[in-house]
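Observations on the three-dimensional arrangement
Each chain, letter by letter, is given below.
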Amino acid sequence: MPLRNQKKRIGDMLIDEHVITEEQLLQALPVAKEKKKKIGETLIEMGFTTESEIAKALSVQLGIPRIDLSAITIPEDVLNLVSESVLRKHIMVPYAYDDANPNIIHVAMSDPMDMIALDDISIITNLQPEPAVATAHDILLVLDKYYGDSEAQKMAEVYAAERKELLNRNQEDETYNQDVNNSPVVLLVNSMIEQAARQRASDIHIEALENVVRVRFRIDGALYEKFKYDIHLLPAIIARLKIIGGMDISEKRKPQDGRITMVIDRIEYDIRVSILPTVFGEKCVMRLAQKKALTRNKKDLGLAEDDLKAFDNILKNPNGILLVTGPTGSGKSTTLYTALSELNNEDVNIITVEDPVEANIDGINQVQVNPKAELTFASALRSILRQDPDIIMIGEIRDGETAQIAVQASITGHLVVSTLHTNSAAATISRLEDMGIESYLLADSLVGIIAQRLVRRLCPNCKKEHHATSEEKEVMNIDENGDIIIYDAVGCEKCDNTGYTGRIGIYEILTVTQNIKNMINKRATADEIARAAEKEGMHTLRQSATKLVLEGTTSYKEMLRTTFQN
């Protein structure tokens, strides 16, 4: 099919579709020329538009369909037509033969006007390519899905062959130390991190089992096995990660921590690396965080309208302590950074003490804890109080000393925000009392406690409805007589057969009113405080999750899993 507007330049098309302005195009053209990049890529990097907006505009202007690759299963004979290296080079993927004409192959492309790419695929396949438009991210995700494992295995085999050759020459097994930059291992590690980032993984686990190396990704809070390699590959993978993470390559007996910064598909990732010696070799866990993902709009956190009001009211306090509590990976840092971004004006001095600093925010003074230099949470806080702060953020209250200083800082006119590991909002008060904080000081300093969890969102493409049973209604505390429809997870191509896609927060916001202050003063139990807070309008985590179940956002099983103790 001949492309409409084929001779028109992409920049002009984007202007015609009101995606960018003429001024923005004029700004981007010299940058694209200097960096030798395509104009579309440059416009995205400069923040003028997005991949999705460009794809939509090209579809309209060229008169070709826009394809959603996540909803398509690509036949094996189509996948075997072209090698992965050619597809990655041109960022395209063939996805189906034409129903009417077997000589036509349908191809998804990020740039459907790339004539060199179309010629290449035509010569290789001996078929006529029919372009459709898709975003580069979606195409790379599909290439990872269908080719990722086989490419990784090829790299692993190349490395194994090289290693065998070295051993045959009677060289030491430790040769991988100097040979660690050989391309197969570098490519294998890079490919692993890139695939994890594209699949929205929060962590990568590289584990030494008895005979194999197992690689698992944590996606939406659950672990999924992705690759298995020969155990002999482990030293090379770990050595490569130690080099790029700034760790000691020769130390194999002690745990080590490092950091890597990588740019994947134009997004900067901050990767924390933790290495731990185990029985069969070193285990590595990498935590992936997008530098920009931690600061969001409050409305994107999943807060209900009344919870949003309660959150706003707490943030209006000029002094006091706001605590965000929950287990590891429950989104506490995101909530804290969102609150800080909201409070970040030029008329306030915000200082943070963190271990580690998870995201850099313009206009905020951030301090990294360094125990080797005797810069602990407590010592940093003492110095911070002499820096004339208005708002202090403590990454985590870990001990009584830090808690004491936080309380003193809040009483002397500062707003202190921090995190704590407890199961519920009310249980936080008992925990602080256990740390040695007097109840009258707690009553005086606390202004709000937010307990939170993350629940997985049901995939809208495949979720299946069912009528809630009497037992389910009883657990959710709703009327047994009504006919209530809730949804279950199923699994499809779009959600990688997990039944879920993405996560949303559930919250329990305890506003410390005068009544709650009096109860803390009298050393009331966590249960008594929770009951009083509920009477004043607090929603428990279970109630917040139930609301999402009834709305069809999450499943009953997911609600039970995340609010088990509530």
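From a predicted model like this one, the values you see are computed outputs, not experimental measurements.

What follows is about the overall build of the protein chain. When helices and strands are counted, the protein chain shows 21 helices and 18 strands. When the backbone C-alpha atoms are referred to their principal axes, the protein chain occupies close to 85 × 65 × 55 Å. The 566 residues of the protein chain split such that 50% are buried. With the model as given, the accessible surface of the protein chain reaches about 27,600 Å², and the carbon-plus-sulfur share is 48%.

It is worth spelling out helix α4 (residues 51-62) at this point. Relative to the 16 Å expected for 12 residues at 1.5 Å per residue, α4 spans 16 Å between its end C-alpha atoms, a close match to the ideal helical length. Backbone geometry just after α4 places Gly63 at a positive phi near 70°.

Glancing now at the packing of helix α13 (residues 377-384) against helix α14 (residues 400-411). Where α13 contacts α14, the axes come no closer than 9 Å and their chain directions differ by 20°. The pairing of α13 with α14 is recorded here as roughly parallel in orientation. Every pair of crossing elements has a handedness; the one defined by α13 and α14 is left-handed. Contact residues: Phe377, Ala378, Leu381 and Arg382 in α13; Glu401, Thr402 and Ile405 in α14. Residue composition of the contact of α13 with α14, grouped by class: four nonpolar, one polar and two charged.

The next subject is the sheet that holds strand β12 (residues 365-368). If you trace the seven strands from one edge of the open sheet to the other, you get β12-β11-β13-β14-β10-β15-β18, paired in mixed fashion. Strands with a single pairing partner mark the edges of an open sheet, and in this sheet they are β12 and β18 (500-511). On average, adjacent strands in this sheet sit at an angle of 20° to one another, irrespective of strand direction. Inspection of the sheet shows strand β15 (residues 446-458) paired to β18 by 10 bridges, in the antiparallel sense.

Moving on to α14. Its 12 residues place the ends of α14 16 Å apart at the C-alpha level, agreeing with the 16 Å of an ideal helix rising 1.5 Å per residue. Contacts from the buried residues of α14 go to β10 (320-325), α13, β13 (391-394), β14 (415-420), α15 (427-434) and α16 (439-445). The distance from a side-chain oxygen at the start of α14 to the backbone nitrogen of Glu401 is 3.3 Å, and the residue carrying that oxygen is Asp399. Where α14 terminates, the next one or two residues include Gly413, which has phi positive at roughly 100°.

To continue, consider the environment of Thr540. Structurally, Thr540 can be placed in the loop between α19 (526-535) and α20 (541-551). Considered as a pair, Thr540 and Ala530 are 10 residues apart in the sequence and their alpha carbons are 8.6 Å apart. Not counting residues up to four positions away in its chain, the partners in contact with Thr540 are Tyr507, Glu508 and Glu534.

It is worth spelling out the confidence of the model for the protein chain at this point. Taken residue by residue, the protein chain gives an average pLDDT of 86. The fraction at 70 or more is 91%. Least confident of the elements in the protein chain is helix α8 (residues 136-168), whose mean pLDDT is 72; most confident is strand β4 (residues 201-208), at 94. Predicted confidence is poor over residues 172-182, with pLDDT under 50, and the contacts of this stretch with residues over four places away or in other chains come to 22 contacts.

Among the structural elements, Val273 can be located in strand β8 (residues 267-278). Under the relative-accessibility criterion, Val273 is labelled buried at 2%. Taking the C-alpha atoms as reference points, Val273 and Lys522, 249 residues apart in sequence, are found 45 Å from one another. When neighbours within four sequence positions are excluded, Val273 is seen to be in contact with Met247, Gln256, Asp257, Gly258, Ile260, Cys284, Val285 and Met286.

Attention shifts here to a negative patch on the surface. On the surface, a cluster of negative charge is made up of Glu346, Asp347, Asp388 and Asp390. By secondary structure assignment, the location of Asp347 is in the loop between α12 (332-343) and β11 (350-354). Taking relative accessible area as the criterion, Asp347 reaches 61% and is therefore assigned exposed.

About the thresholds
- Residues numbered from 1 in each chain as written.
- Predicted model: local features only at pLDDT ≥ 70, side-chain atom pairs only at ≥ 80, totals over all residues.
- Heavy atoms only, no water.
- Helix = DSSP H or I, 4+ residues; strand = E, 2+ residues; numbered from the N terminus.
- Buried < 20%, exposed > 50% of the residue type's maximum accessible area, 1.4 Å probe, protein only.
- Areas by Shrake-Rupley, 256 points an atom, 1.4 Å probe, with all protein chains shown as cover.
- Expected span 1.5 Å × (residues − 1).
- Axes fitted to C-alpha atoms, helices over the stretch in contact; angles between N-to-C directions.
- Parallel < 35°, antiparallel > 145°, perpendicular 65-115°, else oblique.
- Left-handed = near helix turned anticlockwise from the far one by under 90°.
- Contact = heavy atoms within 4.5 Å.
- Nonpolar A, V, L, I, M, F, W, Y, C, P; charged D, E, K, R; others polar.
- Pairing = 2+ DSSP bridges.
- Polar contact = N/O pair within 3.5 Å; in protein donor to acceptor, adjacent residues only side chain to side chain.
- pLDDT = per-residue confidence, 0-100.
- Patch = residues over 30% accessible without salt bridge, like charges linked within 9 Å, V, L, I, M, F, W, Y side chains within 5 Å.
- Salt bridge = Lys/Arg side-chain N within 4 Å of Asp/Glu carboxyl O.
- Lys, Arg positive; Asp, Glu negative; His and termini not counted.
- Charge placed at Lys NZ, Arg CZ, Asp CG, Glu CD.

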